[in-house]
Amino acid sequence: MRKNYELHLLYDGTDFGGWQRQKNAVTVQGELEKALGIITKNEVSVIGASRTDAGVHAYDYVANVFLDTEKDLYSLWAGTNALLPDGIRLKTIAPCPDEFHARFDAKMKTYIYHIDNTGYGDVFTKRYMWNYRYPLDYQKMKEAAGYFVGKHDFSAFMSQGGTAKTFVREIYSNDFEILDHKLRMTITGNGFLYNMVRIIAGTLVSVGRGDIAPQEIPQIIAAKERKRAGITAPPEGLVLYRITY
């Protein structure tokens, strides 16, 4: 009997071309569909909550999939994990209402961006942090982070290639933490434009090195011009941390 299942995954995006299946790249969605297809002996199409770029990680990614199988949940879970690459793990699988849609039902998303500002670069975290080796003013970065909170047109913080039809998003919180020259930005909003979190992180680094004053952030947002914001931070520092339904 065909049922809808809710999936929770975590993955290290280093070795994958992002979430979405592609013909010429190994992707998280592609590997998950392949594994589930072998287990159920059917063609499988997984619906993901969000498109993460190549190199971006996820701690609790949500997806849903309709499966026609008589296998119990443990067999589905264990069998899928046995077939997935080491960088992807299925945390949970459970039946859910047929109406549940991982993408359209999402209310909030939380991303974390990590920056290693030690100077030498921590070998144990380099796959998961942007190693920025030059001095940064952490207090100015922390001040600047607060200016992103609220409902704004974030056109200035979207890369070319985005498919969004509207550009207004609401940021509920943007916390900036410092621990032993390791920086963490935790941002929660009702949605994000293409590369928006990475551009915000890159803009905070521009603030930290003195190229942009914290008080300029509202002006950059209001200008709606991509060239006014900072660079797009590299993907390895970004983690999709939580999706709220």
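Attention here is on the structure that accompanies the text. Small disclaimer: the values here were computed from a predicted structure and weren't measured.

### So, the overall build of the protein chain
Logical step 1: Counting secondary structure elements, the protein chain contains five helices and ten strands.
Logical step 2: Relative to a compact globule of 245 residues, whose C-alpha radius of gyration would be 18 Å, the protein chain shows 19 Å and is just as compact.
Logical step 3: Structurally, the protein chain occupies a C-alpha span of about 60 × 40 × 30 Å along its principal axes.
Logical step 4: Taken across its 245 residues, the protein chain has 51% of its residues classed as buried.
Logical step 5: Residue pairs in contact within the protein chain that sit at least 24 positions apart in sequence constitute 71% of those at least 6 positions apart.

### A short note on the layout of surface pockets
Logical step 1: Its volume calculated, the largest pocket comes out at about 1,200 Å³.
Logical step 2: Lining the largest pocket are 44 residues; nearest its centre among them are Ser50, Arg51, Arg103, Lys109 and Phe192.
Logical step 3: Listing elements by their share of the lining of the largest pocket, those giving two or more residues are strand S2 (46–48), strand S5 (108–116) and helix H4 (196–208).
Logical step 4: Broken down by class, the residue content of the lining of the largest pocket amounts to 18 nonpolar, 17 polar and nine charged.
Logical step 5: Taken together, Leu10, Tyr11, Asp12, His57, Ala58, Tyr59, Gly87, Ile112, His114, Tyr128, Val239 and Tyr241 make up the full set of residues lining the second largest pocket.
Logical step 6: Partitioning the lining of the second largest pocket into residue classes produces eight nonpolar, three polar and one charged.

### Re the packing of helix H1 (residues 28–40) against helix H2 (residues 73–83)
Logical step 1: Close contact between H1 and H2 brings their axes to 9 Å; oriented N to C, the two are set at 125°. Relative to H2, the element H1 is oriented oblique. Pair H1 / H2 crosses with right-handed handedness. For the pair formed by H1 and H2, the contact residues are Leu32, Ala35, Leu36, Ile38, Ile39 and Thr40 on the first element and Leu76, Gly79, Thr80 and Leu83 on the second.
Logical step 2: Among the residues forming the contact of H1 with H2, the class breakdown is seven nonpolar, three polar and no charged.

### Notes on the pattern of salt bridges
Logical step 1: Applying the stated criterion to the full structure yields eleven salt bridges.
Logical step 2: One salt bridge connects Arg21 with Glu33, and the closest N-O pair in it is separated by 2.6 Å. Of this pair, Arg21 sits in the loop between strand S1 (2–11) and H1 while Glu33 is found in helix H1, placing the two residues twelve residues apart along the sequence.
Logical step 3: Measuring nitrogen to oxygen at the nearest pair gives 3.3 Å for the salt bridge that ties Arg198 to Asp53. Taken together, the positions of Arg198 in helix H4 and Asp53 in the loop between S2 and strand S3 (57–68) put the pair 145 residues apart, joining distant regions of the chain.
Logical step 4: Under the relative-accessibility criterion, Asp53 is labelled partly exposed at 22%.
Logical step 5: Each of the salt bridges in this network shares a partner with another, and the network as a whole consists of Asp12, Asp15 and Arg127.

### Some remarks on empty space enclosed by the protein
Logical step 1: A full pass over the atoms with the stated rule returns one cavity of 30 Å³ or more.
Logical step 2: Together, Tyr113, Ile115, Phe176, Leu183, Arg184, Met185, Ala201 and Leu204 line the largest cavity.
Logical step 3: Those elements that provide at least two residues to the lining of the largest cavity are S5, strand S9 (182–189) and H4.
Logical step 4: Of the residues forming the lining of the largest cavity, the biggest block, three residues, is contributed by S9.

### Here we look at the nonpolar core
Logical step 1: Ranked by internal contacts, the top residues of the largest apolar core, which has 69 residues, are Leu7, Trp19, Val46, Met141, Phe157 and Met185.
Logical step 2: Per-element accounting of this core gives the leading share, eight residues, to H4.
Logical step 3: Non-local contacts of Leu7, meaning those with residues more than four positions away in its chain, are made with Leu32, Leu36, Val46, Tyr61, Val62, Ala63, Val65, Leu90, Thr92 and Ile93.

### Observations concerning unusual backbone geometry
Logical step 1: Phi is positive for His181, which is not a glycine, with a value near 65°.
Logical step 2: With respect to the helices and strands, the residue His181 is situated in the loop between strand S8 (168–179) and S9.
Logical step 3: Residues other than glycine seldom take positive phi values, yet Lys224 does so here, at roughly 60°.
Logical step 4: Here Lys224 is to be found in the loop between helix H5 (217–223) and strand S10 (238–244).
Logical step 5: On the basis of relative accessibility, which here comes to 46%, the residue Lys224 falls in the partly exposed class.

Cut-offs used in this document
- Residues numbered from 1 in each chain as written.
- Predicted model: local features only at pLDDT ≥ 70, side-chain atom pairs only at ≥ 80, totals over all residues.
- Heavy atoms only, no water.
- Helix = DSSP H or I, 4+ residues; strand = E, 2+ residues; numbered from the N terminus.
- Rg over C-alpha atoms; globule rule 2.2 N^0.38 Å.
- Buried < 20%, exposed > 50% of the residue type's maximum accessible area, 1.4 Å probe, protein only.
- Contact = heavy atoms within 4.5 Å.
- 1 Å grid on protein atoms, 1.4 Å probe; cavity = no way out; pocket = protein on both sides within 12 Å on 5 of 7 lines; lining within 4 Å.
- Points joined across faces, edges and corners; volume = space filled by probe spheres on them.
- Nonpolar A, V, L, I, M, F, W, Y, C, P; charged D, E, K, R; others polar.
- Axes fitted to C-alpha atoms, helices over the stretch in contact; angles between N-to-C directions.
- Parallel < 35°, antiparallel > 145°, perpendicular 65-115°, else oblique.
- Left-handed = near helix turned anticlockwise from the far one by under 90°.
- Salt bridge = Lys/Arg side-chain N within 4 Å of Asp/Glu carboxyl O.
- Core = buried A, V, L, I, M, F, W, Y, C linked by side-chain atoms within 4.5 Å.

By themselves, these observations are geometric and do not establish any function.
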